[in-house]
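The lines below spell out each chain.
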Amino acid sequence: QVQLVESGGGLVQTGGSLRLSCAASGRTFSTYAMGWFRQAPGKEREFVAAITWLGGLTYYADSVKRRFTISRDNAKNTVFLQMNSLKPEDTAVYYCASRIRHPPWVPTDEGQYDNWGQGTQVTVSS
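Residues numbered from 1 in each chain as written. Predicted model: local features only at pLDDT ≥ 70, side-chain atom pairs only at ≥ 80, totals over all residues. Heavy atoms only, no water.

Undergrad: What is the right way to look at unusual backbone geometry in this model?
TA: Glycine aside, residues mostly have negative phi, and peptide bonds are mostly found in the trans state. For the bond from P103 to P104, the omega torsion is 5 degrees, close enough to zero to count as cis. In this fold, P104 is placed in the loop between β9 (92-99) and β10 (115-116). (Helix = DSSP H or I, 4+ residues; strand = E, 2+ residues; numbered from the N terminus.)

Take a look at the structure:
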């Protein structure tokens, strides 16, 4: 079992930046990849970004490309999401997720992740 704890959310103005962190504990040695998803009020949860744990391959939703950057610190079992040029439409609860199973996989499919954090709120004011 892997436990995930997100942090770093908050209130920021349009154009501002935030850095989310997700600390993993437990059976982290079996992690294949980690991802970030978000859910805005009244909407379904959607994919934001993902990264493979060893190779560092990254994947992004079109809506966040060139604004968000996902990275990881293997030694600290932590994944980050640097969010720049934030927009009101980025307002959502952001969830961290991890995947144990190896490929093939579809990074954008939330059903392909095995563990989830509780989420952290990001609010972007206009």
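Undergrad: Help me understand the side chain of T120, please; the structure alone is not making it clear to me.
TA: The residue T120 is located in strand β11 (residues 120-125) in this model. Taking relative accessible area as the criterion, T120 reaches 10% and is therefore assigned buried. From its side chain, T120 meets the backbone nitrogen of G9 in a polar contact 3.3 Å long. (Buried < 20%, exposed > 50% of the residue type's maximum accessible area, 1.4 Å probe, protein only. Polar contact = N/O pair within 3.5 Å; in protein donor to acceptor, adjacent residues only side chain to side chain.)

Undergrad: Whenever I open this one, the pairing of β11 confuses me. Can you help?
TA: On a regular strand, each side chain points to the face opposite its neighbour's, so the side chains alternate between the two faces of the sheet. Residues T120, V122 and V124 point to one face of β11 and are all buried, whereas Q121, T123 and S125, pointing to the other face, are not buried. Sheet topology places strand β2 (residues 10-13) next to β11; four bridges connect them, and they run parallel. Each bridged residue has a counterpart across the sheet, and for Q13 the counterpart in β11 is S125. Bridge analysis of β9 against β11 gives three bridges, and the strand direction is antiparallel. Of the residues in β11, the one forming a bridge with Y94 is T120. (Pairing = 2+ DSSP bridges.)

Undergrad: Looking at this model, I keep getting lost on the pattern of salt bridges. Mind explaining?
TA: It is possible for side chains bearing opposite charge to pair when their charged atoms get close. The full count for this structure, using the stated rule, is six salt bridges. Of the charged contacts, one joins K65 and D62 as a salt bridge, the two residues approaching to 3.2 Å between their closest N and O atoms. What makes K65 partly exposed here is its relative accessible area of 36%. R67 is the partner of D90 in a salt bridge, and the nearest nitrogen-oxygen pair spans 2.8 Å. Of this pair, D90 sits in the loop between β8 (78-83) and β9 while R67 is found in the loop between β6 (58-60) and β7 (68-73), placing the two residues 23 residues apart along the sequence. Looking at D90, the relative accessible area reads 0%, which means it is buried. One network of salt bridges, in which partners are shared, links R38, E46, R67 and D90. (Salt bridge = Lys/Arg side-chain N within 4 Å of Asp/Glu carboxyl O.)

Undergrad: Can you help me understand the environment of A92 in this one?
TA: Relative to the assigned elements, A92 resides in strand β9. Put simply, A92 and L11 are 81 residues apart on the chain and 11 Å apart in space, counted from C-alpha to C-alpha. Those residues within four positions of A92 in sequence are excluded, and the remaining contacts are R38, Q39, A40, T120, Q121 and V122. (Contact = heavy atoms within 4.5 Å.)

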